[in-house]
2 protein chains.
Amino acid sequence: MNKYDQLDKHPSMAVVDSESNTRKIEKASVGLQLKAIRTKNKLTLEEASKRTGLARSTLSKIENEQISPTFSVMQKLAAGLDIDLPQLFTKPKESKITGRRDITLNEQGSPHATLTYEHELLAVQLRNKKMMPYKSRIHARNFEHFGEWIHHEGEEFLLVLEGEVQLLTEFYEPATLTEGDSAYYDATMGHLVISTSKKDALILWVTAE
Amino acid sequence: MNKYDQLDKHPSMAVVDSESNTRKIEKASVGLQLKAIRTKNKLTLEEASKRTGLARSTLSKIENEQISPTFSVMQKLAAGLDIDLPQLFTKPKESKITGRRDITLNEQGSPHATLTYEHELLAVQLRNKKMMPYKSRIHARNFEHFGEWIHHEGEEFLLVLEGEVQLLTEFYEPATLTEGDSAYYDATMGHLVISTSKKDALILWVTAE
DNA sequence: AACAAAAGTTTCTTATAGGAAACTTTTGTT
DNA sequence: AACAAAAGTTTCCTATAAGAAACTTTTGTT
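### Some points on the protein's contact with DNA strand C
And step 1. Around DNA strand C sit 24 residues, and of these Leu45 and Ser57 of chain A together with Thr58, Lys61 and Val73 of chain B come closest.
And step 2. Backbone sugar and phosphate groups make up 56% of those atoms of DNA strand C lying within 4 Å of the protein.
And step 3. Of all the secondary structure elements, the ones that give two or more residues to the surface near DNA strand C are helix H3 (56-63) of chain A together with helix H3 (56-63) of chain B.
And step 4. Of the residues that constitute the surface near DNA strand C, the class distribution is six nonpolar, 12 polar and six charged.

In structure tokens form, the structure reads like this:
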């Protein structure tokens with residue numbers, strides 16, 4: 001049996017389609033996701049094996065959809081690769097955000113996650129959404145990202161849930177936002193949010209392309 | 001070996017704790033979740049078995065954490081029980097949020113403020129936005145709109161800022177959302193939000209067409 | 001191009017998940 | 001309480017996942 005005749009052993013998964021609002025059958029693949037995550041982080045199977053404690057061959061088989069991993073294995077994958085478990089079967093639609101998330105949170109290779117932001121994606125189960133909502137905890141007075149503008153396609157809305165932040169942008173004066181304040185801007189303009197209070201800030205973000 | 005000496009075969013999972021903001025080890029259990037979901041729906045193992053196509057014994061073993069289900073089995077569970085896959089390993093609090101996320105309200109366009117809702121549009125200065133953010137105060141226990149579904153184009157995201165609301169929708173079970181909970185849904189499906197607590201509820205809404 | 005080293009795949013074996021049926025416990029009725 | 005029926009658990013067997021090592025393919029160097 002060569003590598004091209006493998007058969008798909010995996011059943012499909014029902015998901016809510018936000019376009020049509022019908023429950024439709026869509027294939028969720030741990031294999032493709034795993035491979036995407038691993039290659040994106042420039043890891044070889046051997047390195048991924050070391051991090052997760054799983055055999056090289058096992059990883060290969062999962063990536064090629066020859067086996068369906070147990071939950072226990074999925075947990076090892078998530079922990080070892082420093083990702084959230086649902087990422088193993090959710091398509092990373094918004095490359096911008098997940099990209100940003102990689103920069104700040106899990107920068108595998110250099111294993112220290114930066115401490116400035118922690119993002120919690122919301123409504124991750126829904127695919128092809130028009131909007132991408134997430135909450136971010138911005139660590140207090142941490143200016144590690146200062147000077148690095150964030151640019152990406154689309155528009156962004158934010159609401160301060162807790163704390164106080166400074167919204168810095170390429171073309172406007174810095175704005176101080178406190179609990180309940182909101183902002184809306186074109187995300188192609190460089191922007192950056194930092195916490196200015198002694199405690200962490202909690203932000204709700206919604207982006208749309 | 002009786003039922004009390006079973007050993008825990010499952011590894012733990014690293015999760016970010018939003019309180020302490022540290023990465024701590026927490027156990028994620030498909031078994032406990034499954035049992036909670038099944039009993040909540042008043043299903044016997046036999047009925048759950050019919051719906052999912054899995055053996056009664058298999059379900060029992062998963063619930064008692066004697067085995068770690070494969071991803072393939074988890075998909076069957078989610079599809080058969082009509083839940084989102086992450087609900088199988090997310091604590092009910094969060095799963096209600098993200099797992100639920102399929103419903104709500106907005107009536108921009110019909111500008112009359114009713115007694116039940118008070119809308120505050122945000123970012124009004126900007127025209128031609130992709131998203132429309134606004135805050136709504138939903139008056140306590142006012143059921144004036146009960147029974148009238150709201151339908152409109154686009155998708156909607158909501159986050160509960162204060163209070164507790166019930167999100168009613170045409171196609172899903174009602175969901176109770178409390179402070180910090182969010183939902184995302186196709187707004188062409190009938191939807192309605194009412195306050196279920198004694199005090200008013202405050203909601204952030206973002207819609208996109 | 002030839003070779004070596006690294007990366008990835010497949011095979012083979014062992015461990016464990018999943019299903020059928022026997023067994024045990026719980027529930028409800030008299 | 002005694003019994004029957006239903007619900008849940010365990011055993012035993014088969015199917016399949018996970019690991020070790022052999023094998024193949026790709027990459028990089030001369």
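### As for the pairing of strand S8 (residues 182-186) of chain B
Residue and element names in this part refer to chain B.
And step 1. Taken across its five residues, S8 has five buried, putting it largely inside the fold.
And step 2. Residues of S8 alternate between two faces, with Ser182, Tyr184 and Asp186 on one and Ala183 and Tyr185 on the opposite face, all of them buried.
And step 3. Both strand S5 (residues 155-162) and S8 contribute to a ladder of five bridges, which runs antiparallel. Bridge pairing in S8 links Glu156 to Tyr185.

### A closer look at the packing of helix H2 (residues 45-52) of chain A against H3 of chain A
Residues and elements named next belong to chain A.
And step 1. At a closest axis distance of 8 Å, the pairing of H2 and H3 adopts a crossing angle of 110 degrees. Classified by the interaxial angle, the pair formed by H2 and H3 is roughly perpendicular. Across the interface between the two elements, Leu45, Glu46, Ala48, Ser49 and Thr52 from H2 touch Arg56, Leu59, Ser60 and Glu63 from H3.
And step 2. Class assignment of the residues belonging to the contact of H2 with H3 gives a composition of three nonpolar, three polar and three charged.

### What about H2 of chain A?
All names here are of chain A.
And step 1. Within the span of H2, buried status applies to Ala48, Ser49 and Thr52. End-on view of H2: buried residues confined to an arc of 105 degrees, all on one side of the axis.
And step 2. The inward-facing, buried residues of H2 contact helix H1 (30-40), H3 and helix H4 (71-81).
And step 3. At the C-terminal side of H2, Gly53 shows a positive phi close to 80 degrees.

### Thoughts on the confidence of the model for chain A
And step 1. Here chain A averages 71 in pLDDT, and 68% of its residues register 70 or above.
And step 2. Across residues 1-26 of chain A the pLDDT falls below 50, and counting only partners more than four positions away or on other chains, this stretch makes 58 contacts in the model.

### Some words on unusual backbone geometry
Residues and elements named next belong to chain A.
And step 1. Within the chain, Lys42 stands out as a residue other than glycine whose phi angle is a positive 55 degrees.
And step 2. On the accessibility criterion, Lys42 (71% relative accessible area) is exposed.
And step 3. Unlike most non-glycine residues, Glu65 shows phi in positive territory, near 55 degrees.
And step 4. Within the fold, Glu65 resides in the loop between H3 and H4.
And step 5. Owing to a relative accessible area of 14%, Glu65 belongs among the buried residues under this scheme.

### Comments concerning the sheet that holds strand S7 (residues 175-178) of chain B
All names here are of chain B.
And step 1. An order of S7-S6-S9 is seen for the three strands of this open sheet, with the pairing classed as antiparallel. Only two strands of the sheet have a single partner each, and these edge strands are S7 and strand S9 (191-195). Here the average twist between neighbouring strands, direction ignored, is 25 degrees.
And step 2. In this sheet, S9 lies alongside strand S6 (residues 164-169) in antiparallel orientation, the contact comprising five bridges. Bridge pairing in S9 places Thr169 opposite His191.

### Observations regarding the pattern of salt bridges
All names here are of chain A.
And step 1. Counted by the stated rule, this structure contains six salt bridges over all chains.
And step 2. Two residues, Glu63 and Arg38, come together in a salt bridge whose shortest N-O distance is 2.6 Å. One end of the pair, Glu63, is in helix H3; the other, Arg38, is in helix H1, with 25 residues separating them in the sequence.
And step 3. You can call Glu63 buried: its relative accessible area is 7%.
And step 4. Taken together, the salt bridges that share partners define one network made up of Glu46, Lys50 and Arg56.

Criteria and cut-off values
- Residues numbered from 1 in each chain as written.
- Chains lettered and ligands numbered in written order.
- Predicted model: local features only at pLDDT ≥ 70, side-chain atom pairs only at ≥ 80, totals over all residues.
- Heavy atoms only, no water.
- Near = heavy atom within 4 Å.
- Helix = DSSP H or I, 4+ residues; strand = E, 2+ residues; numbered from the N terminus.
- Nonpolar A, V, L, I, M, F, W, Y, C, P; charged D, E, K, R; others polar.
- Buried < 20%, exposed > 50% of the residue type's maximum accessible area, 1.4 Å probe, protein only.
- Pairing = 2+ DSSP bridges.
- Axes fitted to C-alpha atoms, helices over the stretch in contact; angles between N-to-C directions.
- Parallel < 35°, antiparallel > 145°, perpendicular 65-115°, else oblique.
- Contact = heavy atoms within 4.5 Å.
- Arc of directions from axis to C-beta.
- pLDDT = per-residue confidence, 0-100.
- Salt bridge = Lys/Arg side-chain N within 4 Å of Asp/Glu carboxyl O.

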